[in-house]
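Chain by chain, the residues:
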Number of protein chains: 2
Amino acid sequence: MWTDLVDIGRSPTTGGYRRFALTPEDGQLREWFEQEATRRGLDLTVDRAGNQWAWWGNPDFDGPGIATGSHLDSVPDGGAFDGPLGVVSAFAALDLLVLQGITLSRPIGIACFSDEEGSRFGVACSGSRVLTGALDPDRARALTDQDGMSYADAMAWAGRAPHLLAPDPEALARVDTFVELHVEQGRGLIECKAPVGVASEIWPHGRWRFSFTGRADHAGTTRMSDRADPMLTFAVTALAANKQARSREARATFGRVTLAPNGTNAIPSQVTAWLDARAEAPDTLDALVTELCRQATERAERDGTTVEVTVESSTGLVSFDVPLRDRLAAVLGGAPVLPTAAGHDAGVLSTAGIRTAMLFVRNPTGISHSPEEHAELGDCAAGVRALADVLRDLAT
Amino acid sequence: MWTDLVDIGRSPTTGGYRRFALTPEDGQLREWFEQEATRRGLDLTVDRAGNQWAWWGNPDFDGPGIATGSHLDSVPDGGAFDGPLGVVSAFAALDLLVLQGITLSRPIGIACFSDEEGSRFGVACSGSRVLTGALDPDRARALTDQDGMSYADAMAWAGRAPHLLAPDPEALARVDTFVELHVEQGRGLIECKAPVGVASEIWPHGRWRFSFTGRADHAGTTRMSDRADPMLTFAVTALAANKQARSREARATFGRVTLAPNGTNAIPSQVTAWLDARAEAPDTLDALVTELCRQATERAERDGTTVEVTVESSTGLVSFDVPLRDRLAAVLGGAPVLPTAAGHDAGVLSTAGIRTAMLFVRNPTGISHSPEEHAELGDCAAGVRALADVLRDLAT
């Protein structure tokens, strides 16, 4: 399975993946999922939010089942494991259960969520968020990519009907319990010396778009004192974000920036920068963002620029179901339980009231969202066995 | 003439111009120039560097002539006047001389220089620089645009033979004196209360590419202390550039930045930022850039990043020919003489030993390299009359 996936959307220059929603690469990845499901005789459905599901057993007839899976899309120049490891491990765990000749008392489903990273349209987990109703379909349809193409037009391009995009309570009702396996995106399991762990919670996190507006002008002839240069306001804000996050044991990153007109000899008229911020507690996150907005506005006054801050997405603290979490840790012989600052579709389903858990597979460098992201083969195999054990425990 | 030009390469959203070298828009602009030349019965030639020339009289037979003109390309979202005003005024001044029934003792030529702004391939005045030999044709051919297309491939796309790109001493030998008319890109003429002025010198200026390299990683899960974030190194450098320029009465701008991978939830692996810097004296400019490199490197060590600085172009002080400048000022009844911090093809020709001067037309806001750039119709007409007076004085 891994071999069929490995070349899709891989950049020959960086070695990183560029698998964005509603692109030709996305279409290839969806086909791959269809083929894996069909090969195993699973029932394939696509929910109204565009997420793919492959069911072993019939949840409409036998009652809600146990679902697993993850996503196949990537951040720009992302690694091979973030997302795909969860989907590939789901199929592999199913194969293991078939080999073991188990008899299901509940159906098992594999999900492939659409657009988890939000790389193209800016909203992470848009597939699971539309599914649960956390993201309004009208808002989703109106999202635009960097070239100004709307989510609705991109859907139509991909052969999907934009007007059918909607929450799908029937699809959700098929899921009693959801367990997502994911490569760890930090160093927690290295420190525990364990190949597999169980998630306790997801930190509150969100994305804020900072629009700094100044006045375009000639970079050579305009006196420094006559300028309204939004790059300066941004630079101060980026440094403040770092300082605020350090002092609060939180995270704050400006990793995406666009400029207009973006010419070497023109002072920018506009700098748009996206803040990704996360903290252990909601209050800490609020305080961090509020302080950052204050400092940005204060500097904007000095620079003769303006700053406008828009919340693009915001997710509160997700605490995974405690009995389920403890059961998984017990099934896995006392696997470590640890929090994460990364958002996941599992978090969205948990917030929608579904009993949800996550398994993490050790990441030997801790690096993620980078071509250098890695997981050892032995740890991946341990992940598949752990997922199979958990599914057997829950579905038989 | 202005009406035929006004829509070419104009963005419907910003109202600014996007006229870049070797694009369809560039082709339309070159056609416009051909038509204006042909309509007047001028001899049209293209030199080996790709610049267009239209001659009234034969400089190969009658000896070197008086040339005027400017460029038609723009910065991203540039104004309507920077460049085109000089070309349109050249044709209009010629029309005026014809109406006046003058008899030439020297040929008059109109030049349209290719790629003055360097918006696409990064090197300003590449047309005049290749012409004079200041830019090596091999280096020019190897320049690439944002999509990785080389100058050579873009030439081939535009129907020009890349291997023919070369200095053109024969074309240069046709020019005894060059006078470029240009919209002023500052507020000097407002302060003098004059519609037209004469240039004294062009400040030393250049472009430096700063490549800040760090390590891509997950924006949520990577502890602040484990990061190597090049955005922080860049932010400190951008603020330092502003401070250095202010304290030295110079100019320093970061107006163009590209990021990799440029994802909201990924720490950047690379920030590339272009510094445009200018100062009245070469020593001041050198000191500014040296100090900036020092501060960038110092901060990079703290951030765990690296910084590499590459000179993309560098032009020393251009002092226009003093007797010519004084003659022009006298012909124009004592027009003010003032320096500029903006680079021009006239500066490149002057450095190549051609007797060169510039006329500036008043800019009522001082704003340039912006859709807001403007010149009043009355001042433009005064510019045409001034150029005609100067050409008549030099060519009869």
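Below, the structure is looked at part by part. As the structure is a computational prediction, the values presented were derived from the model and not from experiment. (Residues numbered from 1 in each chain as written. Chains lettered and ligands numbered in written order. Predicted model: local features only at pLDDT ≥ 70, side-chain atom pairs only at ≥ 80, totals over all residues. Heavy atoms only, no water.)

## Quick word on the relation of the copies chain B and chain A
Taken as rigid bodies, chain B and chain A are interconverted by a rotation of 180° and an axial shift of 0.0 Å, the fit giving an RMSD of 0.0 Å. On the angle and the small slide along the axis, the relation comes out as a two-fold axis. Among all C-alpha atoms of chain B, that of B:Ala235 lies closest to the rotation axis, at 2.2 Å. A high fraction, 100%, of the interface residues of chain B reappear at the interface in chain A, so the copies pair face to face through one surface. (Least-squares fit on C-alpha atoms with pLDDT ≥ 70 in both. Contact = heavy atoms within 4.5 Å.)

## Comments concerning the packing of aromatic side chains
Counted under the stated rule, the structure contains 22 aromatic pairs over all chains. Seen in terms of ring centroids, B:Trp32 and B:Phe91 are 5.9 Å apart; in terms of plane orientation they differ by 80°. Their pairing is edge-to-face. With B:Trp32 in helix α2 (residues 24-39) and B:Phe91 in helix α4 (residues 84-99), the pair connects residues that are 59 residues apart, well separated along the chain. Pair check on accessibility: B:Trp32 and B:Phe91 agree, each one buried. Grouping aromatic residues by their ring pairs yields a cluster made of A:Trp53, A:Trp55, A:Phe113 and A:Phe178. Above the face of the A:Trp274 ring, A:Arg256 is positioned so that its terminal group lies 3.7 Å from the ring centre. (Phe/Tyr/Trp six-rings, centres within 6.5 Å; stacked < 30°, edge-to-face > 60°. Helix = DSSP H or I, 4+ residues; strand = E, 2+ residues; numbered from the N terminus. Buried < 20%, exposed > 50% of the residue type's maximum accessible area, 1.4 Å probe, protein only. Lys NZ or Arg CZ within 6 Å of the ring centre and 35° of its normal.)

## Describing the interface of chain B and chain A
If you look at the interface, chain B gives 62 residues, while chain A gives 63 residues. Together, the buried faces of chain B and chain A total about 5200 Å²; carbon and sulfur atoms form 57% of this surface. Counting every contact that joins chain B to chain A gives two salt bridges. Between B:Arg223 and A:Glu191 there is a salt bridge; the shortest N-O distance is 3.6 Å. Across the chain B-chain A interface, the total number found is 22 residue pairs in polar contact (both at pLDDT 80 or more). Breaking the side of chain B that touches chain A down by element, the ones donating at least two residues are β8 (217-218), α10 (230-247), β9 (251-260), β10 (266-267) and β11 (270-278) of chain B. (Buried area = accessible area lost by both parts, 1.4 Å probe. Salt bridge = Lys/Arg side-chain N within 4 Å of Asp/Glu carboxyl O. Polar contact = N/O pair within 3.5 Å; in protein donor to acceptor, adjacent residues only side chain to side chain.)

## Looking at the environment of B:Ser314
Residues and elements named next belong to chain B. Mapping Ser314 onto the fold places it in strand β12 (residues 306-315). For the pair formed by Ser314 and Glu298, sequence separation is 16 residues and the distance between their alpha carbons is 24 Å. When residues no more than four places from it in sequence are discounted, the contact partners of Ser314 are Arg129, His205 and Gly206.

## Observations regarding α4(B)
All names here are of chain B. Over its 16 residues, α4 extends 23 Å from the first C-alpha to the last, a length consistent with the 22 Å expected when each residue adds 1.5 Å. Those residues of α4 not exposed but buried are Pro84, Leu85, Gly86, Val87, Val88, Ser89, Ala90, Phe91, Ala93, Leu94 and Leu97. Following α4 by one or two positions, Gly101 has its phi on the positive side, about 65°. (Expected span 1.5 Å × (residues − 1).)

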